[in-house]
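Below are the chains, spelled out letter by letter.
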Amino acid sequence: GSSRSLSMIDDYSLQRELDKVKSSIFLGKNSAFLGSVMSNLEFTWDSSIPTAATDGVKLFWNKEFFLSLPIEARATVLRHEIDHCAKLHMLRGENLDKEVFNQACDYRINNDLETDGFSFVGLEGGLLDHSLDDNGRLAEEEIYEILMKRPRQPQKDAWSGELGEGDMKPAGKDIKQKALQNVVRAIHQAKSAGSVPGGVEDMVSSFLAPSIPWESLLFRWFTDQQDEDYTWQRPNRRSPDIYLPSKIIEE
């Protein structure tokens, strides 16, 4: 589709254009899962960002940038932001350098999208480099390690390649928890309609069932014992030869 000036399109027409792009998600690979992730996102037009971004719960899109793109490129951007959410990048980069991890995720997603035939016409100059991912075999964290060994580069926008703030917005604990819940919900919905992309369930399980140190379990046991009260007013029947307190049984 040809780009149109922002002054020539009303809110209804803009929403129609967005709906066309959303429909493309339901026609592609892993549509049941990705469509569910997308349906849980809140879309917001935001002129304060140069292109598009997400915090895992909301998807922010600059109107001018959206309208400047061919419809095929709009689908690429939408899928890119959905992938950030579906792959829980906001949680996985918790203890990493935020800027570098954001770039690693952008490379991973864009490389995969180009391999899958998504259009980058109108998105030239963005973060796209197949030499980083070893033919799709490297995870985001591995690409991150490669980037960390290189001279520090200013953070660039995923699409224009120009200096920017990255397309993953900082998110608080509540938003991250909701983002995780949305992906879990999408997994359950996708199972009933088809299949879930490989590795997604294992990734989510690592966040839902983290290993618990034995010290924590022992401390919890001692704490539970402290909640039990005893009385000296009657002897413990289990020790007839010595006067010991008995446990208080709540009525």
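Everything that follows concerns the structure shown earlier in this document.
This write-up is about the structure you can find in this document. Along every chain, residues carry numbers that run from 1 in the direction the sequence is written. With pLDDT at 70 or above as the cut-off, local features in this predicted model cover only qualifying residues; side-chain atom pairs require 80 or more to be listed or tallied, and sums for whole chains, interfaces and linings still use all residues. Excluding hydrogens and water, the side-chain values take into account all heavy atoms of the structure.

Moving on, we get to helix α7 (residues 140-148). Relative accessibility under 20% of the residue-type maximum defines a buried residue, over 50% an exposed one, and the middle range a partly exposed one, all with a 1.4 Å probe and only protein chains included. The helix count covers DSSP runs of H or I at least four residues long, the strand count covers runs of E at least two residues long, and both are numbered beginning at the N terminus. For α7, the full list of buried residues reads E140, I143, Y144 and L147. The buried residues of α7 occupy one face: seen down the axis, they fall within an arc of 105 degrees. Any two residues whose heavy atoms approach within 4.5 Å at even a single point are treated as in contact. The secondary structure elements touched by the buried residues of α7 are α5 (89-92) and α6 (98-115). To be clear, the arc concerns the directions from the helix axis to the C-beta atoms.

This part covers the packing of aromatic side chains. Geometrically, a pair of aromatic rings is defined through the distance of the ring centres and the angle of the planes. Each Phe, Tyr or Trp ring (for Trp, its six-membered ring) is paired with any other whose centre lies within 6.5 Å, and the angle between the two planes then decides the class: stacked below 30 degrees, edge-to-face above 60, tilted in between. Scanning all chains against the criterion turns up four aromatic pairs. Consider the rings of W45 and F66, whose centres lie 5.2 Å apart with planes at 65 degrees: the pair is edge-to-face. In this pair, W45 is assigned in strand β1 (residues 42-45) and F66 in helix α3 (residues 63-68), connecting sequence segments 21 residues apart. Classification of W45 as partly exposed rests on a relative accessible area of 26%. Judged by centre distance (4.9 Å) and plane angle (85 degrees), the ring pair of W61 and F66 falls under edge-to-face. Neither W61 nor F66 differs from the other in exposure class; each is buried. Ring pairs connect the aromatic residues W45, W61 and F66, which therefore count as one cluster. By definition, being over a ring means that NZ of Lys or CZ of Arg is both within 6 Å of the ring centre and within 35 degrees of the ring normal. Over the aromatic face of F66 sits the side chain of R74, whose NZ or CZ is 4.4 Å from the ring centroid.

Right, let's get into the sheet that holds β1. In spatial order, the strands read β1-β3-β2; together these three strands make up an open sheet with mixed pairing. Of all strands in the sheet, those with a lone pairing partner are β1 and β2 (52-54), marking the two edges. For this sheet, the mean inter-axis angle between neighbouring strands, taken without regard to orientation, is 20 degrees. Two strands qualify as a pair provided that DSSP identifies no fewer than 2 bridges between them. Here β2 runs beside strand β3 (residues 58-61); their pairing, made up of three bridges, is antiparallel. What sits directly across from A52, in β3, is W61. In this fold helix α4 (residues 71-86) packs onto β1, β2 and β3, with an angle of close to 20 degrees to the strand it touches most, β2. Only the stretch in contact is used when a helix axis is fitted, and all axes are lines through C-alpha atoms; the angle between N-to-C directions ranges over 0 to 180 degrees.

This paragraph deals with the pattern of salt bridges. Between Lys or Arg on one side and Asp or Glu on the other, a salt bridge is scored when a side-chain nitrogen of the former is within 4 Å of a carboxyl oxygen of the latter. Applying the stated criterion across every chain, the model contains eight salt bridges. With its nearest N and O atoms 3.4 Å apart, the salt bridge here joins K20 to E17. Of this pair, K20 and E17 both sit in helix α1 (residues 11-25), three residues apart, which is roughly one turn of the helix. The class for K20 is partly exposed, based on a relative accessible area of 42%. A salt bridge links D112 to K87, with the nearest nitrogen and oxygen atoms 3.7 Å apart. Here D112 is found in helix α6, whereas its partner K87 is found in the loop between α4 and α5, with 25 residues between them in sequence. With a relative accessible area of 24%, D112 lands in the partly exposed category. We classify K87 as partly exposed; its relative accessible area is 22%. Overlapping salt bridges bring together K87, R108, D112 and D133 as one network.

Among buried residues, those of type Ala, Val, Leu, Ile, Met, Phe, Trp, Tyr and Cys that are joined through side-chain atoms within 4.5 Å constitute a nonpolar core. Among the nonpolar cores identified, the biggest contains 55 residues, and F33, W61, V77, L78, I82, L123 and V204 are the most heavily contacted of them. Residue contacts for W61: discarding those within four places in its chain leaves L18, T44, W45, D46, I49, T51, A52, F66, R74, V77 and L78.

Moving on, we come to the side chain of D106. Among the structural elements, D106 can be located in helix α6. No salt bridge is formed by the buried D106. Its closest oppositely charged neighbour is K87, at 10 Å. Beyond its immediate chain neighbours, meaning those up to four positions away, D106 contacts H80, H84, L127, A158 and D167. Counted as positive: Lys and Arg. Counted as negative: Asp and Glu. His and the chain ends are not counted at all.

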